[in-house]
Amino acid sequence: ILDESSLLLAMTEQAPGLLGSPLIVPKSNLYLHNQRLGLAVAKEPIQTRFLFHLFNQKAIRQIIHSKATGTKVRHTSPTKLESIVVGYPPLDLQNQFAAIVEKVESLKSRYQHSLTDLETLYGALSQKAFKGELDQSRVVLPDESTTEDTESTEGLNRQAHQNCKRNSEVAA
């Protein structure tokens, strides 16, 4: 059973590009370790999140792939992973890096959530617009410099809406 924040590495390439992929265990006592995953154990103090991103670097993944064996399914071993030599900054810089990464990931998550909400809202508004149920009485119209474009667009929208009404009346 694995502990939270343990770092695992894919030892077998079950899909292209998977070999050497890192994973940080999100919660203790829920996940079991198996032979297809290598448990990274640092011999010196090193920040797990820093190590995670180090193993996600293209150059490191290429080294892992070049040391792997097998033709159809590539494999690596703990010994081969241990033989990879990399430089890394002092622990305080690794911790700063990890803090920045966590903030960026938090922002990305919030922006992704906002984007999902906006897409849902856009879909709902589009459906109302196509059904002719959208109330535009409180919509602020653009200034006069773009009135010509707006009027032609509104005219096309009115015409399309009338055509849709006629088509639905014919179908009924």
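Relevant structure appears above.
Computed from a predicted model, the values in this text were never measured in an experiment.

A. Summary view of the pairing of strand E1 (residues 7-10). Side chains of E1 alternate between two faces, with Leu7 and Leu9 and Leu8 and Ala10 buried alike. Where E1 lies against strand E2 (residues 22-24), three bridges are found, and the strand directions are antiparallel. Residue pairing in the sheet places Leu8 in a bridge with Leu23 of E2. Strand direction decides the pairing type here: E1 and strand E3 (residues 37-40), joined by four bridges, are antiparallel. From the neighbouring strand, Leu8 faces E3, where its bridge partner is Leu39.

B. The sheet that holds E2, seen in detail. Strands sit in the order E2-E1-E3 across an open sheet of three strands; the sheet is antiparallel. One side of each edge strand has no neighbouring strand; the edge strands of this open sheet are E2 and E3. Each adjacent strand pair in this sheet contributes to an overall mean axis angle of 30°, direction not counted.

C. Focus on the packing of helix H1 (residues 48-55) against helix H4 (residues 91-131). Close contact between H1 and H4 brings their axes to 8 Å; oriented N to C, the two are set at 75°. Relative to H4, the element H1 lies roughly perpendicular. Packed against H1, whose contacting residues are Arg49, Phe50 and His53, the element H4 presents Gln94, Phe97, Ala98, Val101, Glu102 and Glu105 at the interface.

D. A look at the nonpolar core. Counting 14 residues, the largest nonpolar core has Leu7, Leu51, Phe55, Ile60, Ile64 and Leu81 as its most contacted members. If you list the elements that add at least two residues to this core, you get E1, H1 and helix H2 (58-67). It is H1 that provides the largest number of residues to this core, a total of four residues. Look past the residues within four positions of Leu81 in its chain and what remains in contact with it is Leu9, Met11, Ile64 and Thr76.

E. Spatial organisation of H4. When the terminal C-alpha atoms of H4 are compared, their 60 Å separation across 41 residues agrees well with the 60 Å that a helix rising 1.5 Å per residue should span. Where H4 is concerned, the buried positions are Gln94, Ala98, Val101 and Ser126. Elements that come into contact with the buried residues of H4 comprise H1. Immediately downstream of H4, the backbone of Gly132 shows phi near 75°, a positive value.

Cut-offs applied
Residues numbered from 1 in each chain as written. Predicted model: local features only at pLDDT ≥ 70, side-chain atom pairs only at ≥ 80, totals over all residues. Heavy atoms only, no water. Buried < 20%, exposed > 50% of the residue type's maximum accessible area, 1.4 Å probe, protein only. Helix = DSSP H or I, 4+ residues; strand = E, 2+ residues; numbered from the N terminus. Pairing = 2+ DSSP bridges. Axes fitted to C-alpha atoms, helices over the stretch in contact; angles between N-to-C directions. Parallel < 35°, antiparallel > 145°, perpendicular 65-115°, else oblique. Contact = heavy atoms within 4.5 Å. Core = buried A, V, L, I, M, F, W, Y, C linked by side-chain atoms within 4.5 Å. Expected span 1.5 Å × (residues − 1).

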